[in-house]
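# Structure at a glance
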Amino acid sequence: DNKMKVTMTVNGRERSADAEPRTLLVHFLREQLGLTGTHIGCDTTQCGNCTVLVDGQAVKSCTTLAVQADGSEITTVEGLGTADNLHPIQQGFWEEHGLQCGYCTSGVMMDMVGLLKENPNPTEEEIRQGLEGVICRCTGYQFIVKAVQRAVEIIKESGQPISEKQV
Ligand code: FES
């Protein structure tokens, strides 16, 4: 067969598994590595629910091949924080009720972590622009924007730059 061994650092741990040349990163993460927090909403680059960080940049994992991510550092929602120690973006969503059905939430959070790494102090307009690549069918975005604004405050209060991981 034409499988290749792919190795990447996922949430700080080196992980290897076989992938076919056509295997999408989202399927590799979910099926090969069992990281099902990354969701598939469309498979056609529309919804952003599959967003992860690849070498620190928000990427739609349904538009990336697993083999293209060989050797990369990946952060998925599982790497952000834990129930006892939420990442600021998770804390923001928790406090501001930034979700309803929750299906898009992991993608939205990863997209916004990518945004905040580039722009730690976004205006509401910049947050809304950043959300353009991610489709949420329930919230009307207002609560998501508030959640991101709350995350910005939490990060400022912490005095630390945003991290991909909670410490
Ligand atoms: Fe990747 Fe919709 S599943 S953009």
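Just so we're clear, the structure is a prediction, and the values are computed from it rather than from any experiment.

### As for helix α3 (residues 105–118)
Its 14 residues place the ends of α3 20 Å apart at the C-alpha level, agreeing with the 20 Å of an ideal helix rising 1.5 Å per residue. Judged by how many residues are buried, α3 sits mostly within the fold: twelve of 14 residues are covered. Those residues of α3 not exposed but buried are Thr 105, Ser 106, Gly 107, Val 108, Met 109, Met 110, Asp 111, Met 112, Val 113, Gly 114, Leu 115 and Leu 116. Buried residues along α3 sit against β3 (51–54), β4 (57–60), β5 (73–75), α2 (88–96), α4 (124–130) and α5 (142–158).

### Thoughts on the domain arrangement of the chain
The domains assigned to the chain are domain 1 (4–79) and domain 2 (88–158). Computed from C-alpha coordinates alone, the two centres of domain 1 and domain 2 are separated by 21 Å. With 19 residues of domain 1 at the interface, the matching set in domain 2 holds 16 residues. Interface area for domain 1 against domain 2, summed over the two sides, is near 1,200 Å², with a carbon-plus-sulfur share of 55%. Counting the contacts that link domain 1 with domain 2 gives zero salt bridges. For the pair domain 1 and domain 2, the number of links is five residue pairs in polar contact (both at pLDDT 80 or more). Contributing elements (two or more residues each) for the side of domain 1 that touches domain 2: β3 and β4. Taken together, the residues that form the side of domain 1 that touches domain 2 break down as six nonpolar, twelve polar and one charged.

### A short note on the pairing of β3
A two-sided burial pattern is seen for β3, the buried positions comprising Thr 51 and Leu 53 on one face and Val 52 and Val 54 on the other. Taken together, the four bridges between β3 and β4 define a ladder with antiparallel strand orientation. Its bridge partner lying in β4, Val 52 is registered against Val 59. The antiparallel pairing of β3 with β4 creates a hairpin that spans two residues between the two strands, and Asp 55 there sits at a positive phi of about 50°. Across two bridges, β3 lies against β5 in antiparallel orientation. Looking across to β5, one finds that Leu 53 is bridged to Thr 75.

### Considering the nonpolar core
Ile 89, Phe 93, Val 108, Met 112 and Val 148 are the most contacted members of the largest nonpolar core, which has 25 residues in total. For Val 148, the contacting residues outside a window of four places in its chain are Ile 89, Phe 93, Met 112, Leu 116 and Ile 127. Residues Met 8, Val 10, Leu 25 and Val 54 belong to the second largest nonpolar core, which totals 15 residues.

### Remarks on the environment of Leu 99
One can find Leu 99 in the loop between α2 and α3. When the C-alpha atoms of Leu 99 and Met 109 are compared, they prove to be 11 Å apart, with ten residues separating the residues in sequence.

### Some details on the environment of Pro 21
Looking at the secondary structure, you find Pro 21 in the loop between β2 (13–19) and α1 (25–32). A C-alpha to C-alpha distance of 6.9 Å links Pro 21 and Lys 3, two positions 18 residues apart in sequence.

### Let's talk about the packing of α3 against α5
Remark: α3 packs on α5, axes separated minimally by 11 Å, with the N-to-C direction vectors making an angle of 45°. Relative to α5, the element α3 lies oblique. Classified by chirality, the crossing of α5 by α3 is right-handed. Contacts between α3 and α5 involve Val 108, Met 112 and Leu 116 on the former and, on the latter, Ile 144, Val 148, Val 152 and Ile 155. Grouping the constituent residues of the contact of α3 with α5 by class yields seven nonpolar, no polar and no charged.

What counts, and at which threshold
- Residues numbered from 1 in each chain as written.
- Predicted model: local features only at pLDDT ≥ 70, side-chain atom pairs only at ≥ 80, totals over all residues.
- Heavy atoms only, no water.
- Helix = DSSP H or I, 4+ residues; strand = E, 2+ residues; numbered from the N terminus.
- Expected span 1.5 Å × (residues − 1).
- Buried < 20%, exposed > 50% of the residue type's maximum accessible area, 1.4 Å probe, protein only.
- Contact = heavy atoms within 4.5 Å.
- Domains from an automatic or database assignment.
- Buried area = accessible area lost by both parts, 1.4 Å probe.
- Salt bridge = Lys/Arg side-chain N within 4 Å of Asp/Glu carboxyl O.
- Polar contact = N/O pair within 3.5 Å; in protein donor to acceptor, adjacent residues only side chain to side chain.
- Nonpolar A, V, L, I, M, F, W, Y, C, P; charged D, E, K, R; others polar.
- Pairing = 2+ DSSP bridges.
- Core = buried A, V, L, I, M, F, W, Y, C linked by side-chain atoms within 4.5 Å.
- Axes fitted to C-alpha atoms, helices over the stretch in contact; angles between N-to-C directions.
- Parallel < 35°, antiparallel > 145°, perpendicular 65-115°, else oblique.
- Left-handed = near helix turned anticlockwise from the far one by under 90°.

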